[in-house]
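So the chains spell out like this:
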Amino acid sequence: TNPGTKQVLKLIAPTIMGMAAYQLNDVVSTAIASRSGVGIVSSLQYSLRLQELILGIFAVSIGTVILPDLSGLAQNKKWEEFNKMLSQAMKIIALITIPITFYSLIYGENLIILVYKNNQFTDESVRLTLQAFQFHIAGLFFIALNRIISPAFYAQSDAKSPTIAGIIGFAFNILFAFILVIPMKGAGIALALSLASFINTIALLVFMKKGKNIDVNSVVKSTLLYAIKMIILSLIALVPIYLLKPIFLEIFQGKSRFISQGIPVVLSAIIFAIVGIFLLIITKDSLVKSIGGKVKSKINR
């Protein structure tokens, strides 16, 4: 009978549906994949596990952390600070997911071999998983972005909008999967999920614009510009690891997969990160300045 409990129960159902849209898409994709050929279902699941590892570490964590703060700002009607926090969270997602996406496109096969390859997981298994992974990882930014935008609605006690957006994305996923599975098989189903995630993001932003509290144009513009910047910097940072990749693989060739694949993956990731951080510093990146300032303040304390 408690009013707060009633409010929580009222919000639970649509919130679960909204947050579960990605998983529902996965269920439908699996059902369609089961009729598209041998090994397709398994390759999609292996591919998704790699992608969800990244999502779980970064996107879900950030979304969980900012929700209480966004809720407090919304309750106190501090919309300027609300917009700033949302914009910064979306930029952080771009900072993390876009470089990871480009790195994964170069080293996707090596990651799959490193994590999965054994006597049962053959070269054909690697090939099928890689085909799916390349299209799954292409949608990483939008999937992660959805995990950040949805809490902005929940913070305003609006569970309906992200639920509808999730249903729209779900419907498009089914449509795209049925269309693309014929010419592309597993890769088509993976692409359908990424396209549906993009449409889900668009739907969330459209619903957000209908409200009067969030400056959607400003948030989207700043995020888009930052994403373009991250694409350019990621492409520059890719050059050395692209050139060094065959050298690393040749040096450690013939060893166990943990050495022949693991060491090149780790070395390349370190070089990629160092070059990326250097580029962020010389371009005087605002997020790097902000993070650096917070670190310095904690050290001084």
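Model, not experiment: these values are computed from the prediction.

Q: Teacher, can you tell me more about the overall build of the protein here?
A: Scanning the protein for helices and strands turns up 12 helices and 0 strands. In sequence order, the secondary structure elements of the protein are arranged as α-α-α-α-α-α-α-α-α-α-α-α. Relative to the compact-globule value of 19 Å for 301 residues, the protein shows a C-alpha radius of gyration of 21 Å, a close match. Considering only C-alpha atoms, the protein reaches an extent of 65 × 55 × 35 Å along its principal axes. Per-residue burial over the protein gives 45% buried out of 301 residues.

Q: Honestly, unusual backbone geometry in this entry has me stumped. Any pointers?
A: Note: most residues except glycine have negative phi, and most peptide bonds are trans. You will see that Lys185, though not glycine, has its phi angle at about 55 degrees, which is positive. Considering the arrangement of structural elements, one finds Lys185 in the loop between α7 (160-184) and α8 (186-210). Here the phi dihedral of Lys284 falls at roughly 55 degrees; this positive angle occurs in a residue that is not glycine.

Q: Help me out: how do you make sense of the packing of aromatic side chains in this one?
A: For any pair of aromatic rings, the description rests on two quantities: the centre-to-centre distance and the angle between the ring planes. Inspection of every chain in the model, using the stated rule, returns 9 aromatic pairs. Aromatic pair Tyr116 and Phe121: ring centres 5.4 Å apart, planes at 25 degrees, arrangement stacked. Taken individually, Tyr116 and Phe121 each receive the classification buried, so the pair is uniform in this respect. Ring plane angle 75 degrees and centroid distance 5.0 Å describe the contact between Phe142 and Phe198, whose orientation is recorded as edge-to-face. Of the two residues, Phe142 is situated in helix α6 (residues 140-154) and Phe198 in helix α8; the sequence distance between them amounts to 56 residues. Each residue in the set Tyr46, Tyr116 and Phe121 is aromatic and connected to the rest through ring pairs, giving one cluster. Above the ring of Tyr107, the side-chain terminus of Lys245 is found at 5.1 Å from the ring centroid.

Q: For this particular structure, what's the right way to read the pattern of salt bridges?
A: A side chain of one charge can pair with a side chain of the opposite charge if their charged atoms are brought near each other. Counted under the stated rule, the structure contains 4 salt bridges. Across the salt bridge formed by Glu52 and Arg49, the nearest N and O atoms sit 2.9 Å from each other. A residue pair is termed a helical-turn pair when its members lie 3 or 4 positions apart in one helix, as Glu52 and Arg49 do in helix α3 (residues 40-75) at 3 residues. Owing to a relative accessible area of 35%, Arg49 belongs among the partly exposed residues under this scheme. Of the charged contacts, one joins Glu124 and Arg127 as a salt bridge, the two residues approaching to 2.5 Å between their closest N and O atoms. Placement of both Glu124 and Arg127 in helix α5 (residues 123-138) is noted, with a separation of 3 residues, approximately one turn of the helix. For Glu124, a relative accessible area of 41% puts it in the partly exposed group. By relative accessible area, Arg127 is classed as partly exposed at 39%.

Q: So what exactly am I meant to see when it comes to a nonpolar patch on the surface here?
A: A grouping of Leu224, Leu225, Ile228, Ile232 and Ile236 is seen on the molecular surface, where their side chains present a nonpolar patch of about 470 Å² in accessible area. Structurally, Leu224 can be placed in helix α9 (residues 216-251).

Q: Just to check I follow, could you spell out α9 for this structure?
A: Side chains that are three or four residues apart share a direction in an α-helix, a result of its 3.6 residues per turn. Here α9 is 36 residues long and its end C-alpha atoms lie 50 Å apart, about the 52 Å a rise of 1.5 Å per residue gives. Of all bends in α9, the biggest is about 40 degrees, found at Leu244, and the proline Pro246 comes one to four residues later.

Q: Would you explain the side chain of Ser268 in this entry?
A: Within the secondary structure, Ser268 is located in helix α11 (residues 262-282). Judged by relative accessible area, Ser268 falls into the buried class, the value being 0%. Setting aside residues no more than four positions away along its own chain, Ser268 makes contact with Tyr103, Tyr107, Ile241 and Phe248.

Q: Help me understand the nonpolar core in this model?
A: What tends to happen in soluble globular proteins is that the nonpolar side chains get buried as a cluster. Ranked by size, the top nonpolar core spans 62 residues in total, and within it Phe82, Ile112, Ile148, Ile149 and Met208 carry the most contacts. Listing elements by their share of this core, those giving two or more residues are α3, α4 (79-116), α5, α6, α8, α9 and α11. Top contributing element to this core by residue count: α4, with 17 residues. Counting residues in each nonpolar core, the second largest holds 13 residues, with Leu44, Ala132, Ile189 and Ala192 among its members.

Q: What am I meant to see in the packing of α6 against α8 here?
A: Axis angle and axis distance: for two packed helices, these are the angle between their axes and the distance between the axes, and together they describe the pair. It is the contact of α6 with α8, at a shortest axis distance of 9 Å, that shows an interaxial angle of 25 degrees. In terms of their interaxial angle, α6 and α8 are classed as roughly parallel. The handedness of the crossing between α6 and α8 comes out as left-handed. Residues Phe142, Ile143, Leu145, Asn146, Ile149, Ser150, Ala152 and Phe153 of α6 touch α8, and the partners they reach there are Ser197, Phe198, Asn200, Thr201, Leu204, Leu205, Phe207 and Met208. Counted by class, the contact of α6 with α8 contains 11 nonpolar, 5 polar and no charged residues.

Q: Just checking my understanding: could you explain the environment of Ser61 for this structure?
A: Following the sequence through the fold, Ser61 ends up in helix α3. It is 34 Å that separates the C-alpha atoms of Ser61 and Ser256, two residues lying 195 residues apart in sequence.

Thresholds, definitions, all that
Residues numbered from 1 in each chain as written. Predicted model: local features only at pLDDT ≥ 70, side-chain atom pairs only at ≥ 80, totals over all residues. Heavy atoms only, no water. Helix = DSSP H or I, 4+ residues; strand = E, 2+ residues; numbered from the N terminus. Rg over C-alpha atoms; globule rule 2.2 N^0.38 Å. Buried < 20%, exposed > 50% of the residue type's maximum accessible area, 1.4 Å probe, protein only. Phe/Tyr/Trp six-rings, centres within 6.5 Å; stacked < 30°, edge-to-face > 60°. Lys NZ or Arg CZ within 6 Å of the ring centre and 35° of its normal. Salt bridge = Lys/Arg side-chain N within 4 Å of Asp/Glu carboxyl O. Patch = residues over 30% accessible without salt bridge, like charges linked within 9 Å, V, L, I, M, F, W, Y side chains within 5 Å. Areas by Shrake-Rupley, 256 points an atom, 1.4 Å probe, with all protein chains shown as cover. Expected span 1.5 Å × (residues − 1). Bend = angle between axes of the 7 residues up to and from the residue. Contact = heavy atoms within 4.5 Å. Core = buried A, V, L, I, M, F, W, Y, C linked by side-chain atoms within 4.5 Å. Axes fitted to C-alpha atoms, helices over the stretch in contact; angles between N-to-C directions. Parallel < 35°, antiparallel > 145°, perpendicular 65-115°, else oblique. Left-handed = near helix turned anticlockwise from the far one by under 90°. Nonpolar A, V, L, I, M, F, W, Y, C, P; charged D, E, K, R; others polar.

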